[in-house]
Amino acid sequence: MAGTAFPQIATVSPLFLLLRALGLRDTWLALILANTSFALPLVIWLLTGFLQEVPAQLEEAAAVDGASRPRAFRWIVLPLLAPGLASAALLTFLFSWNEFLFAYTFTATEASRTVPVALALFPGVFEVPWGDIAAASMLASVPPVILVIVLQRYLVRGLLGGALRE
């Protein structure tokens, strides 16, 4: 978590030098590694809270009933973690979808650009095509909206998971 205390602008230069030395500049792998380095601590921190809420007695009861550890995880623990996984997945997706600095710095060609970078570099020779940019922005917001609609049921449970005391 200490790495996330630094702003992205403070880490972009060393990451750029490292990715260039590894020959990963202008690749999607560079963006995946950069976004993972910032999103993974958040996901681990979020899921740790959800994992601590799952009672160990449930796994023990499954073991008594003859379930192996992988089977108990698959059929008992994983469904209980679904709200937390959905919340973490949505936050990570939105963070990566909207990320601009790394995508702008690490990509050079249109083939590897992300949506925010493509919108920022929208072609306009003598004037800014505001109508085209607005239409492209609306289209770019469709995938996050669809994901929120699909995960809404889990998201509400995940957000309210720790709200009530018993």
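Rules of the game
- Residues numbered from 1 in each chain as written.
- Predicted model: local features only at pLDDT ≥ 70, side-chain atom pairs only at ≥ 80, totals over all residues.
- Heavy atoms only, no water.
- Helix = DSSP H or I, 4+ residues; strand = E, 2+ residues; numbered from the N terminus.
- Buried < 20%, exposed > 50% of the residue type's maximum accessible area, 1.4 Å probe, protein only.
- Patch = residues over 30% accessible without salt bridge, like charges linked within 9 Å, V, L, I, M, F, W, Y side chains within 5 Å.
- Areas by Shrake-Rupley, 256 points an atom, 1.4 Å probe, with all protein chains shown as cover.
- Salt bridge = Lys/Arg side-chain N within 4 Å of Asp/Glu carboxyl O.
- Axes fitted to C-alpha atoms, helices over the stretch in contact; angles between N-to-C directions.
- Parallel < 35°, antiparallel > 145°, perpendicular 65-115°, else oblique.
- Left-handed = near helix turned anticlockwise from the far one by under 90°.
- Contact = heavy atoms within 4.5 Å.
- Nonpolar A, V, L, I, M, F, W, Y, C, P; charged D, E, K, R; others polar.
- Phe/Tyr/Trp six-rings, centres within 6.5 Å; stacked < 30°, edge-to-face > 60°.
- Lys NZ or Arg CZ within 6 Å of the ring centre and 35° of its normal.

**So, unusual backbone geometry**
Moving on, step 1. Phi angles above zero are rare outside glycine, and Asp26 is one such case at about 65°.
Moving on, step 2. Looking at the element boundaries, Asp26 is found in the loop between helix 1 (8-21) and helix 2 (28-53).
Moving on, step 3. Using a relative accessible area of 23% as the deciding quantity, one classes Asp26 as partly exposed.

**What about the environment of Leu155?**
Moving on, step 1. Residue placement: Leu155 occurs in helix 8 (residues 142-159).
Moving on, step 2. The spacing of Leu155 and Ala86 is 69 residues in sequence and 6.0 Å in space, taken between C-alpha atoms.

**Concerning a nonpolar patch on the surface**
Moving on, step 1. Nonpolar side chains collect at one region of the surface, where Trp28, Leu29, Ile32 and Leu33 lie side by side and expose about 430 Å² of accessible area between them.
Moving on, step 2. The residue Leu29 is located in helix 2 in this model.

**Focus: the packing of helix 2 against helix 4 (residues 69-98)**
Moving on, step 1. Taken N-terminus to C-terminus, the directions of helix 2 and helix 4 make an angle of 160°; their axes are 10 Å apart at the nearest point. Considering their axes alone, helix 2 and helix 4 lie roughly antiparallel with respect to each other. Seen from above, helix 2 lies across helix 4 with right-handed handedness. Contacts from Asn35, Phe38, Ala39, Val43, Leu46, Leu47, Phe50 and Leu51 of helix 2 reach helix 4 at Leu81, Gly84, Leu85, Ala88, Leu91, Thr92, Phe95 and Ser96.
Moving on, step 2. Partitioning the contact of helix 2 with helix 4 into residue classes produces 12 nonpolar, 4 polar and no charged.

**Some points on the packing of aromatic side chains**
Moving on, step 1. Under the counting rule described, the total for this entry stands at 4 aromatic pairs.
Moving on, step 2. Considering the side-chain rings of Phe100 and Tyr104, the 5.4 Å spacing of their centres and the 10° angle between planes classify their relative orientation as stacked.
Moving on, step 3. Across the ring face of Trp75, the terminal group of Arg74 is positioned such that the distance to the ring centre comes to 4.2 Å.

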